[in-house]
Amino acid sequence: MVKSWAEPYKIKMVEPIKMTTKEHRERAIAEAGHNTFLLRAEDVYIDLLTDSGTSAMSDYQWAGLMLGDEAYAGSRSFYNLVAAVREVYGYEELVPTHQGRGAEHILSQILIKPGDYVPGNMYFTTTRFHQEHAGGHFVDVIVDEAFDPYDLYPFKGNIDLEKLGALIAEVGADKIPYISVETNVNMAGGQPMSLANLEAVYDLCGEHGILVMLDATRALENAWFIKQREHGYEDWSVADILRKICSLSDGATVSSKKDNLVNIGGFLALRDPKLAEKARALLVAFEGLHTYGGMSGRDMEALARGIEEMAATDDHVRARTGQVEYLGNRLLKAGIPIVQPIGGHGIFLDAAAIMSHLPQDLFPAQALAAEIYVESGVRAMERGIVSAGRDPVSGDHHYPKLELVRLAIPRRVYTQAHMDVVAESIAAVYDNREQMAGLRFTYEPESLRFFQARFEPAT
Ligand SMILES: *Cc1c(COP(=O)(O)O)cnc(C)c1O
């Protein structure tokens, strides 16, 4: 019996990457204001900034690009996408968008009234932005285990039913249009929720007339962890678990740039045709006609095929999570503090522990990500106080409990040898950790500041 997670594909085409010197990288990071988002990709050796839109497509998907139907209205590729979403996720109504945040925007606008509350299992940057933009208050109801990077609880994405119950009692169900339930919680380190927890949430919300809206962007990876960890699902296919997850919700937003194996795209999926009508009315103003949203026909064709492919067997997600786990285990062996259990889409370094000599408002994770780049050309991303932004009312920083650097692994792109190089580079930075200085802002954008902020060393 084969135990290894080796890739269920072989490589047909390659893209050369540039090797750079340390002097070059020092100049590049200074020009980028010590923000890895502002680096030019061609100055990066191994790009673990994000697993969003960075997947390698299959020959079947590339072939789909040629077959895309570019009709303005009623494209065949749209109907192929509708069929794929119905088959794999089980939602009847499909509202295509340009990417995940397009779907979040539409959903927030049709359901949230100013003064409403939207509970969720940890915030996600764009999701919370759109909830607040619509006048809502985000309330975090994730389990406390999620805030402890070393707690080995297998379902750190779970919702704390007591926190949710307390919110309902405090503000009243009529002030809570829906709960936003994220599968494989990104900001917690790619941590799954259990089906038992989702069932309980769905029941509780059903009693109070509160809708359950999934952020199903990473639901496939969550389904894999359920198969590994939740009693009773060992023998289920990941595809069946995924459908069961979706069956416990009223709809979902999906960024197709993650699980779905495409470079751009997303959708809002709903059960209620009336709600879908409302969504489509906004869609035509903000995204595009209801049969393409923000996508070209070829994008929809590649997406329909990506959705089919990701769940056709368990082999893809097994190799995908296996590669992440391989890198995580190498770092653990080197004694580097990372969020555990190892999550679905990347490794999260505990910057607060690594840079324990720096206070959080000197942006330790931002500084660590910059240093990793200079050391080796590996690009990571801050997931800490800079990403958390400021409170819209008080103007103070949000001080998140987790101060992390994320190494997100693109799907089907890098090899095990690349992962070895990443592990060695991070070990080298770790050995020098006490030398690292913090950073301060030289430019701070008003919203979603982590994308474009600039910094200088704080001396
Ligand atoms: C990426 C992501 C989003 C936003 O999607 P975009 O396609 O980047 O707009 C929302 N939620 C989660 C969990 C994500 O990972």
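Residues numbered from 1 in each chain as written. Predicted model: local features only at pLDDT ≥ 70, side-chain atom pairs only at ≥ 80, totals over all residues. Heavy atoms only, no water.

**Student:** Looking at this structure, I do not really get the overall build of the protein. What am I missing?
**Tutor:** Regarding its fold elements, the protein presents 16 helices and 14 strands. At 21 Å, the protein has a C-alpha radius of gyration in line with the 23 Å of a compact globule built from 459 residues. For the protein, the spread of C-alpha atoms along the three principal axes comes to 60 × 55 × 45 Å. When the 459 residues of the protein are sorted by exposure, 59% land in the buried category. Sequence separation of 24 or more characterises 72% of the internal contacts of the protein that already satisfy a separation of 6 or more. With the model as given, the accessible surface of the protein reaches about 18,600 Å², and the carbon-plus-sulfur share is 52%. Distance between charge centroids for the protein: 4 Å, based on 44 positive and 64 negative side chains. (Helix = DSSP H or I, 4+ residues; strand = E, 2+ residues; numbered from the N terminus. Rg over C-alpha atoms; globule rule 2.2 N^0.38 Å. Buried < 20%, exposed > 50% of the residue type's maximum accessible area, 1.4 Å probe, protein only. Contact = heavy atoms within 4.5 Å. Areas by Shrake-Rupley, 256 points an atom, 1.4 Å probe, with all protein chains shown as cover. Lys, Arg positive; Asp, Glu negative; His and termini not counted. Charge placed at Lys NZ, Arg CZ, Asp CG, Glu CD.)

**Student:** Just to check I follow, could you spell out the domain arrangement of the protein for this structure?
**Tutor:** In many reports, interface size means the accessible area that the parts give up when they come together. Per the domain assignment, the segments making up the protein are domain 1 (22–51 + 314–457) and domain 2 (59–310). In this structure, domain 1 and domain 2 have C-alpha centres spaced 26 Å apart. Contacts between the two partners involve 35 residues from domain 1, matched on the other side by 42 residues from domain 2. Contact between domain 1 and domain 2 buries roughly 2,900 Å² in total, counting both sides, with carbon and sulfur atoms accounting for 58%. Between domain 1 and domain 2 we count 5 salt bridges in total. E221 is the partner of R411 in a salt bridge, and the nearest nitrogen-oxygen pair spans 3.1 Å. For the pair domain 1 and domain 2, the number of links is 18 residue pairs in polar contact (both at pLDDT 80 or more). (Domains from an automatic or database assignment. Buried area = accessible area lost by both parts, 1.4 Å probe. Salt bridge = Lys/Arg side-chain N within 4 Å of Asp/Glu carboxyl O. Polar contact = N/O pair within 3.5 Å; in protein donor to acceptor, adjacent residues only side chain to side chain.)

**Student:** Any chance you could explain the sheet that holds strand 11 (residues 381–383) here in plain terms?
**Tutor:** Strand pairing in a sheet is mediated by backbone hydrogen bonds. Such pairs are either parallel or antiparallel. Spatially, 3 strands are ordered 9-12-11 in an open sheet, and the strand pairing comes out antiparallel. Across the chains shown, the open sheet's two edge strands, defined by having one partner strand only, are strand 9 (346–350) and strand 11. Recorded for the sheet is a direction-independent mean angle of 35° between the axes of neighbouring strands. The pairing of strand 9 with strand 12 (residues 404–408) spans 5 bridges and is antiparallel. Residue pairing across strands places L349 opposite V405, the latter belonging to strand 12. Along the sheet, helix 12 (residues 315–333) contacts strand 9 and strand 12; its crossing angle with strand 9, the most-contacted strand, is approximately 25°. (Pairing = 2+ DSSP bridges. Axes fitted to C-alpha atoms, helices over the stretch in contact; angles between N-to-C directions.)

**Student:** I'm lost on the site of the ligand in this one. Help?
**Tutor:** In the vicinity of the ligand there are 14 residues, among which G100, R101, D215, S255 and K258 approach most closely. A distance of 2.6 Å is found between a nitrogen atom of the ligand and a side-chain nitrogen or oxygen belonging to D215. When isolated, the ligand has an accessible area of 370 Å², and the protein chains bury 96% of it. (Near = heavy atom within 4 Å.)

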